[in-house]
Structure formats: structure tokens, C-alpha cells
Amino acid sequence: TIVPDATIAEAAELMAKRRVRRLLVIKSKADDMHLLGIVSASDILHAFPPDVNPFAVQPRQSSEDFVAVHQIMNSNPLTVRPDTPIEEAAQLMRAQKIGALPVVRDGKLLGVITESDIFRVFASFFASREAGVRVTFALDKKEDAFDFVAGLTKGHAVHVLSLFTSVQADLPVCVVQLTGKGMEAFLEAVWKSK
């Protein structure tokens with residue numbers, strides 16, 4: 001975080017030191033942080049002349065060094081609540097082409113969720129501590145993925161590690177990770193089912 005009266009040179013130095021691409025601009029009130037805005041690395045780059053790298057180890061002194069963060073920040077950033085579903089935050093970030101969303105409740109800043117956080121969560125959906133096989137297949141539009149997979153796994157000595165459905169090119173797709181001794185028989189049943 002950074003305060004609104006900090007200079008953009010200070011913001012650039014903090015971003016470089018912490019290896020972050022954005023800072024939340026805050027005002028503290030009685031041990032609570034209130035979000036005033038957000039300033040990104042691209043906001044800072046655009047505030048400096050093209051021949052100055054504000055993120056350099058020793059940037060040259062310029063008049064832009066004394067511009068305050070509040071002068072270039074986005075003072076109306078999109079936010080989410082702590083109970084916002086992760087997929088809703090991901091869709092909002094994708095639709096708005098932004099890399100982070102401040103998390104706010106009752107005007108108080110609680111944190112920030114970034115594209116890296118969302119990527120980590122979605123990657124964990126497919127990660128498993130057990131070795132297994134991932135199978136991806138299309139479903140009929142009215143077909144229930146859970147019922148279909150449950151029916152095929154029955155009697156094949158396999159168990160489901162994860163099951164995920166999505167829509168690709170207007171068709172439902174199922175991604176299932178399985179493990180067990182009956183994997184070959186299960187895969188054969190999948191091929192025969194279509």
C-alpha cells in the first residue's frame with residue numbers, strides 16, 4: 001500500500017523493491033485502511049517522459065519525481081467483497097482486462113486478489129497428491145457430467161480425484177482426474193460410451 005501524498009518516484013521505488021505491479025492507495029482511520037484508489041506500474045510509466053525509466057535502480061531526477069500518487073491513481077477501482085466467488089472475480093478481471101481487484105468490506109480494505117492468486121487456485125483444481133490420469137471429453141448439452149462419470153466408474157476399480165466441467169466452443173466439456181487399478185477398463189468404457 002501507499003499513501004496518496006507519496007510521490008510517484010516513491011511508488012516506483014516501492015514497486016521495484018517489492019516486485020509488485022500495483023499499489024493500493026490508502027488512508028488509515030483508527031487502525032483500519034480505507035481504499036482511495038490504485039496505482040499501477042503502467043500509470044507510473046505514463047506519468048514519466050518516455051526516456052526515463054522510473055523503475056531503474058537510480059532513476060535520474062525529473063519534475064515527475066514530485067508528482068503525487070493521488071494525481072495519477074485510479075480513484076474508482078473495481079472491487080470485490082471477501083465472499084465474492086473466485087470465478088466471479090476471475091471473470092471480472094478478464095472482462096475488464098485488469099490484473100488485480102482490491103477486496104473491500106464496509107469501505108475497509110481487507111486485501112487484494114491478483115491474477116496470480118486466481119491462477120494458483122485454478123491450478124490447484126487439477127493438482128492431486130496422488131498419481132492419476134486426466135481424461136477430457138465432450139458431453140451432450142443435456143448430459144449430467146457427474147451422473148455420466150459415476151456410471152462409468154462403477155465397477156471399474158477407479159476413483160475420482162477431481163471433476164471439472166466447462167463450455168468450449170458452445171459444447172460442454174468434462175475434465176476428470178482418476179486413479180486406480182481399473183483405469184484401462186474405464187477408458188475403454190468411456191470410448192465405447194460415445
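The coordinates are above.
Per chain, the residues get numbers from 1 upward, laid out in the order the sequence is written. Side-chain atom pairs in this predicted model are given and counted only at pLDDT of 80 or more, local residue features only at pLDDT of at least 70, and totals for whole chains, interfaces and linings cover all residues. Working from all heavy atoms in the structure, the side-chain values ignore hydrogens and water.

Topic: the overall build of the protein chain
Line of reasoning, step 1. Numbering of helices and strands starts at the N terminus; helices are DSSP runs of H or I of at least 4 residues and strands are runs of E of at least 2. Regarding its fold elements, the protein chain presents seven helices and seven strands.
Line of reasoning, step 2. Secondary structure elements of the protein chain, listed N to C terminal, follow the sequence α-β-β-α-α-α-β-β-α-β-α-β-β-α.
Line of reasoning, step 3. Contact between two residues is taken to exist if any of their heavy atoms lie within 4.5 Å; hydrogens are not considered. Contacts in the protein chain between residues far apart in sequence, at least 24 positions, make up 55% of those at least 6 positions apart.
Line of reasoning, step 4. Put simply, the protein chain shows about 12,600 Å² of open surface, and 53% of that area lies on carbon and sulfur atoms. Note on areas: Shrake-Rupley, 1.4 Å probe, and residue coverage restricted to the protein chains presented here.

Observations regarding the nonpolar core
Line of reasoning, step 1. In this structure, Phe137, Cys174, Val176, Leu178 and Phe186 are the most contacted members of the largest nonpolar core, which totals 15 residues.
Line of reasoning, step 2. Listing elements by their share of this core, those giving two or more residues are β5 (133-138), α6 (145-153), β7 (171-180) and α7 (183-193).
Line of reasoning, step 3. Excluding residues within four positions of it along the chain, Phe186 makes contact with Leu152, Thr153, His156, Val158 and Leu178.
Line of reasoning, step 4. The term nonpolar core refers to a set of buried residues drawn from Ala, Val, Leu, Ile, Met, Phe, Trp, Tyr and Cys, joined through side-chain atoms within 4.5 Å. Accessible area is worked out with a 1.4 Å probe on protein chains only. A residue is then buried under 20% of its type maximum, exposed over 50%, and partly exposed in between. Grouped together as the second largest cluster of nonpolar side chains are 14 residues, Ala11, Ala12, Leu23 and Met73 included.

A word on the pairing of strand β6 (residues 158-168)
Line of reasoning, step 1. Each pair of strands is called paired provided DSSP finds at least two bridges between the two strands. Of the pairings in the sheet, the one linking β6 to β7 comprises 10 bridges and is antiparallel in character. In the sheet register, Phe164 faces β7, and the bridge partner there is Val175.
Line of reasoning, step 2. Hairpin remark: β6 followed by β7, antiparallel, with two residues in the connecting loop; positive phi at Ala169, about 50°.

Focus: the sheet that holds β6
Line of reasoning, step 1. An order of β5-β7-β6 is seen for the three strands of this open sheet, with the pairing classed as antiparallel. Looking at the sheet topology across the chains shown, the edges are occupied by β5 and β6. Put simply, the sheet's adjacent strands are angled 20° from each other on average, direction ignored.
Line of reasoning, step 2. Fitting a line to C-alpha atoms yields each axis, with helices limited to the stretch in contact; the angle taken between N-to-C directions then spans 0 to 180 degrees. Most of the contacts of α6 go to β6, to which it runs at about 150°, and overall it touches β5, β6 and β7.

A short note on helix α1 (residues 8-18)
Line of reasoning, step 1. Within α1, the full set of buried residues consists of Ile8, Ala11, Ala12 and Met15. Viewed end-on, α1 has its buried residues packed into an arc of 100°, placing them on one side of the element. Turned more than 90 degrees away from the buried face of α1, the exposed residues are Lys17 and Arg18.
Line of reasoning, step 2. Buried residues belonging to α1 abut β1 (22-29), β2 (32-40), α2 (41-47) and α3 (69-72).
Line of reasoning, step 3. Just past α1, the residue Arg19 takes up positive phi, approximately 55°. Arc definition: directions from the helix axis to the C-beta atoms.

Comments concerning helix α4 (residues 86-96)
An α-helix turns once per 3.6 residues; consequently, residues spaced three or four apart project the same way.
Line of reasoning, step 1. Inspection of α4 places Ala89, Ala90 and Met93 among the buried residues, and these make up the whole buried set. Burial along α4 is one-sided: seen end-on, the buried residues are contained in an arc of 100°. For α4, exposure combined with an orientation more than 90 degrees from the buried face picks out Gln91 and Ala95.

Comments concerning the side chain of Ser162
Line of reasoning, step 1. With respect to the helices and strands, Ser162 occurs in strand β6.
Line of reasoning, step 2. Those residues in contact with Ser162 that sit more than four places away from it in its chain are Phe125, Val175, Val176 and Gln177.

Here's the deal with the pattern of salt bridges
Line of reasoning, step 1. Note on definitions: salt bridges are taken to be side-chain nitrogens of Lys or Arg within 4 Å of carboxyl oxygens of Asp or Glu. By the definition in use, this model includes five salt bridges.
Line of reasoning, step 2. Between Glu13 and Lys17 there is a salt bridge; the shortest N-O distance is 4.0 Å. Placement of both Glu13 and Lys17 in helix α1 is noted, with a separation of four residues, approximately one turn of the helix.
Line of reasoning, step 3. With relative accessibility at 48%, the residue Glu13 sits in the partly exposed group.

What to know about the environment of Ala90
Line of reasoning, step 1. Along the chain, the position of Ala90 falls in helix α4.
Line of reasoning, step 2. Considered as a pair, Ala90 and Phe122 are 32 residues apart in the sequence and their alpha carbons are 9.9 Å apart.
Line of reasoning, step 3. In contact with Ala90, other than residues within four places in its own chain, are Ile118 and Phe122.

Some details on the environment of Val25
Line of reasoning, step 1. Residue placement: Val25 occurs in strand β1.
Line of reasoning, step 2. Looking at Val25, the relative accessible area reads 0%, which means it is buried.
Line of reasoning, step 3. The spatial distance from the C-alpha of Val25 to the C-alpha of Thr1 is 5.8 Å, given a sequence separation of 24 residues.
Line of reasoning, step 4. With sequence-adjacent residues up to four places away left out, Val25 is seen in contact with Ile2, Val3, Pro4, His34, Leu35, Leu36, Gly37, Ile38, Val39, Val69 and Met73.

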